[in-house]
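Structural overview
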Amino acid sequence: MELSGRGAMFQIVTETGGPMTLIPTLTETISRARADLRMGLPVMIGGYLAAAVETLSPERLQAMRALGQPVLAITARRAETLKARAYDGGLARVQLPGDADLRWLRALADPADDLRVPLKGPLATERGGDVTAHRAAIGLAKSAQLLPAMLMLPAPALPGLTELAAGPLLAQLAHEAAMAPVAAARLPLQSAENSRLHIFRPDDGGAEHYAIEIGAPPRDAPVLARLHSACFTGDVLGSLKCDCGPQLHAALNAMGQAGQGVLLYLNQEGRGIGLANKMRAYDLQNQGFDTVEANHRLGFEDDERDFRIGAALLKRLGFDAARLMTNNPRKVSMLEGHGIAVTERVPLITPRNRHNTGYLDTKAEKSGHLL
């Protein structure tokens, strides 16, 4: 094995003569950038210094303003709530007043006080010019499960900061992650003693996902399957605000009674926005907004989950057809669009209570769930 290095292209030359670079790939750099944003460190995206408002410190805000006049990039969903014009399709670039401090920025990013302090404008927004970097920055913030509000400033590359090209970043964020099996072991459950837990790790540095295989379902027949998104509040704490916990256990019990099945447990808490943002949405719901309205006020879409993960996991387990336990037609179309034949939609209806009736009605009326 030989070592050779020329600037950033440091490589190891293996015994077979092929190079193995030590510099991070685009996927690895994006994973690093997510961690930077969550720690409050800005990153460079397409010639812009980009910082997440949620984690930005007053000192770093002051340092950014010393370099020039930044703008606040927010989604069109959030802009609509703030009565700010979104000239750039799915986003708006809000101009900062001269006296804007971190408190002002966070009031625009976080809707917690929208009703208590409704007057935040008038807000002036920019129009014209290339917004690829702004769009990529918002996508990166969402993938880091931060509020989609990014402070953006044209700047030269700064030493030590993670640097990304905007176009490739956007393309990679839309790319489907590859799933690799990590470990599996027998795990007897109350609903089915003959069960096995499989752990899968995505190649994009994201959260691991799980498959609970009950019995030994044949790979040449449609498997009874459930795509279940993680819900800490419902699955673990027994929250009455949703139907997630009852659905999880009803699905496992049905598979146990059938003697076989696969439940895919996808770590996409809060419809893909993360537990912290889910709690923000719950606070908004307590103010009178429904689930979809709360997500929009936060700057997210109705549902930010990636159900391609479910199809990928079923394929990794050797299945190409499923009897899908769901009330969500979107899951059926997603699986079918990614190579899994859905031979039957198996309804999964659980009892209502006074805390989740409004939530279930919204799922039916606005998200098309068959309840």
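Residues numbered from 1 in each chain as written. Predicted model: local features only at pLDDT ≥ 70, side-chain atom pairs only at ≥ 80, totals over all residues. Heavy atoms only, no water.

Digging into the pattern of salt bridges
- For the structure shown, the criterion picks out 15 salt bridges.
- Between arginine 280 and glutamate 54 there is a salt bridge whose closest N-O contact spans 3.1 Å. Placement of the pair is arginine 280 in helix α10 (residues 275–286) and glutamate 54 in the loop between β5 (48–52) and α2 (58–67), with a sequence separation of 226 residues.
- For the salt bridge of arginine 93 with glutamate 126, the shortest nitrogen-to-oxygen distance reads 3.6 Å. Note that arginine 93 is positioned in strand β7 (residues 91–95) and glutamate 126 in the loop between α4 (102–109) and α5 (132–143), a separation of 33 residues in sequence.
- Since its relative accessible area comes to 4%, arginine 93 is described here as buried.
- Judged by relative accessible area, glutamate 126 falls into the partly exposed class, the value being 28%. (Salt bridge = Lys/Arg side-chain N within 4 Å of Asp/Glu carboxyl O. Helix = DSSP H or I, 4+ residues; strand = E, 2+ residues; numbered from the N terminus. Buried < 20%, exposed > 50% of the residue type's maximum accessible area, 1.4 Å probe, protein only.)

Observations regarding the sheet that holds strand β6 (residues 71–75)
- The strand order β7-β6-β8-β5-β4-β9 describes an open sheet built from six strands, whose pairing is mixed. Pairing within the sheet leaves two strands with one partner each, and these edge strands are β7 and β9 (163–164).
- As paired elements, β6 and β7 share five bridges and run antiparallel to each other. Its bridge partner lying in β7, leucine 72 is registered against valine 94.
- Most of the contacts of α4 go to β7, to which it runs at about 155°, and overall it touches β6, β7 and β8 (149–154). (Pairing = 2+ DSSP bridges. Contact = heavy atoms within 4.5 Å. Axes fitted to C-alpha atoms, helices over the stretch in contact; angles between N-to-C directions.)

Focus: the nonpolar core
- By size, the foremost hydrophobic cluster in this structure holds 34 residues, and its most contacted members are Leu72, Ile74 and Leu105.
- The element that contributes the greatest number of residues to this core is α4, accounting for four residues.
- If we ignore the near neighbours within four places in the chain, the residues touching leucine 105 are Val53, Leu61, Leu72, Leu96 and Leu151. (Core = buried A, V, L, I, M, F, W, Y, C linked by side-chain atoms within 4.5 Å.)

Overview of the environment of glutamate 301
- Along the chain, glutamate 301 turns up in the loop between α11 (291–298) and α12 (308–316).
- Judged by relative accessible area, glutamate 301 falls into the partly exposed class, the value being 34%.
- Each C-alpha atom, one on glutamate 301 and one on alanine 76, is 9.9 Å from the other, the two residues being 225 residues apart in sequence.
- Setting aside chain neighbours within four positions, we find glutamate 301 in contact with Arg77, Lys142, Asn295 and His296.

Everything listed here is a matter of geometry and, on its own, says nothing about what the molecule does.
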